[in-house]
Amino acid sequence: KMRGRHPVVRGRWKFRLLQFTGSIRSRVLLLVLLAIAPLLAERIYALHVERQDRIRFAAHQLLDLAKQGANMQEALTISTQVFASIKDPLPWVHSFMVALSDGQVVCANRPQLIGADLSQSTFFLDAMVRRAPVTSDFVIGPITGQPIVAIAHPVVRGNPVTDFVVVATIDL
């Protein structure tokens, strides 16, 4: 039976798609869309997976940064406890310092020593390499100009890398 311009199919679902594809232009457009749709879906999925990977990587970096900050805070806490345990100043000890593994002094009994760089000092480098207490040769102290000897004791807390070095200088 024909009703109007389109045939009526009884007992079956009528495809409206057949009505849409009346012209050749619309059929080509539909074919192009069907060809591009899987490629577009795959690209969207790949972007989603890449975004999830970047989020996981950023979370991992943030966790590492937090651990590094906690380790530095712990080193400062330990050095503060060491200095607090020394109740009476010893007259022959010139200074106490705590230097990180890069040589930067982060804690000292003299404020002018904080921020000093010990990375080029032979006693500091020897202590980092040997991972054992080291005594320096006779040197002239950069602050007082007096002869001193430095004793460097590296602190290693279970990992293979020296965390920080406690340094004491003794007046001669």
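Residues numbered from 1 in each chain as written. Predicted model: local features only at pLDDT ≥ 70, side-chain atom pairs only at ≥ 80, totals over all residues. Heavy atoms only, no water.

1. Thoughts on the overall build of the protein
Working step 1: What the protein contains, in helices and strands, is 3 helices and 8 strands.
Working step 2: Among the 172 residues that make up the protein, the fraction classed as buried is 24%.
Working step 3: The contacts of the protein with a sequence gap of at least 6 include a subset with a gap of at least 24, amounting to 34%.
Working step 4: Carbon together with sulfur atoms contributes 63% to the accessible area of the protein, which is approximately 12800 Å² in total. (Helix = DSSP H or I, 4+ residues; strand = E, 2+ residues; numbered from the N terminus. Buried < 20%, exposed > 50% of the residue type's maximum accessible area, 1.4 Å probe, protein only. Contact = heavy atoms within 4.5 Å. Areas by Shrake-Rupley, 256 points an atom, 1.4 Å probe, with all protein chains shown as cover.)

2. What to know about the nonpolar core
Working step 1: Within the largest apolar cluster, 15 residues are counted, with the highest numbers of intra-cluster contacts made by Met97, Leu118, Phe123, Phe124, Val165 and Val167.
Working step 2: Those elements that provide at least two residues to this core are β3 (93-100), β4 (105-108), α3 (122-130), β7 (147-155) and β8 (164-171).
Working step 3: With 4 residues, the top contributor of residues to this core is α3.
Working step 4: Filtering out sequence-adjacent residues up to four positions away, phenylalanine 124 remains in contact with Ala99, Leu100, Ser101, Gly103, Leu118, Ser119 and Val165.
Working step 5: Judged by nonpolar contacts, the second largest core, of 5 residues, contains Ala75, Val98, Cys107 and Phe164. (Core = buried A, V, L, I, M, F, W, Y, C linked by side-chain atoms within 4.5 Å.)

3. A few points about unusual backbone geometry
Working step 1: Here arginine 131, not a glycine, exhibits a phi torsion of approximately 60°, which is positive.
Working step 2: Mapped onto the secondary structure, arginine 131 falls in the loop between α3 and β5 (134-135).
Working step 3: Residue classification places arginine 131 among the partly exposed residues on the basis of a relative accessible area of 40%.

4. Digging into α3
In an α-helix, one full turn covers 3.6 residues, which means residues spaced three or four apart are oriented alike.
Working step 1: Inspection of α3 places Phe123, Phe124, Ala127 and Met128 among the buried residues, and these make up the whole buried set. Here the buried residues of α3 occupy an arc of 135° about the axis, which is enough to place them on one side. Of the exposed residues in α3, the ones pointing more than 90 degrees away from its buried face are Thr122, Val129 and Arg130.
Working step 2: Elements in contact with the buried residues of α3: β3, β5, β7 and β8.
Working step 3: Positive phi shows up at arginine 131, right after α3, with a value of about 60°. (Arc of directions from axis to C-beta.)

5. Quick word on the confidence of the model for the protein
Working step 1: With 80% of its residues at a pLDDT of at least 70, the protein reaches an overall mean of 79.
Working step 2: Mean pLDDT in the protein bottoms out at strand β1 (residues 2-3), which sits at 50, and peaks at helix α2 (residues 24-85), which reaches 87. (pLDDT = per-residue confidence, 0-100.)

6. Concerning the pattern of salt bridges
Working step 1: Applying the stated criterion to the full structure yields 2 salt bridges.
Working step 2: Here glutamate 50 ties to arginine 54 by a salt bridge, and the two come within 2.9 Å at their closest N and O atoms. Placement of the pair is glutamate 50 and arginine 54 together in helix α2, with a separation of 4 residues, close to one helical turn.
Working step 3: For glutamate 50, a relative accessible area of 33% puts it in the partly exposed group.
Working step 4: In this structure, arginine 56 and aspartate 53 form a salt bridge, with 2.4 Å as the shortest nitrogen-oxygen distance. With arginine 56 and aspartate 53 both in helix α2 and 3 residues apart, the pair spans about one turn of that helix.
Working step 5: Exposure remark for arginine 56: the relative accessible area of 52% places this residue in the exposed category.
Working step 6: The exposure class of aspartate 53 is partly exposed, given its relative accessible area of 39%. (Salt bridge = Lys/Arg side-chain N within 4 Å of Asp/Glu carboxyl O.)

7. Re the pairing of β8
Regular strands place side chains that alternate from one sheet face to the opposite one.
Working step 1: In terms of burial, β8 is largely enclosed, as 6 of its 8 residues are buried.
Working step 2: Taken together, the 7 bridges between β3 and β8 define a ladder with antiparallel strand orientation. Residue valine 93 lies in a different strand from β8, and its bridge partner there is isoleucine 170.
Working step 3: Here β7 runs beside β8; their pairing, made up of 8 bridges, is antiparallel. (Pairing = 2+ DSSP bridges.)

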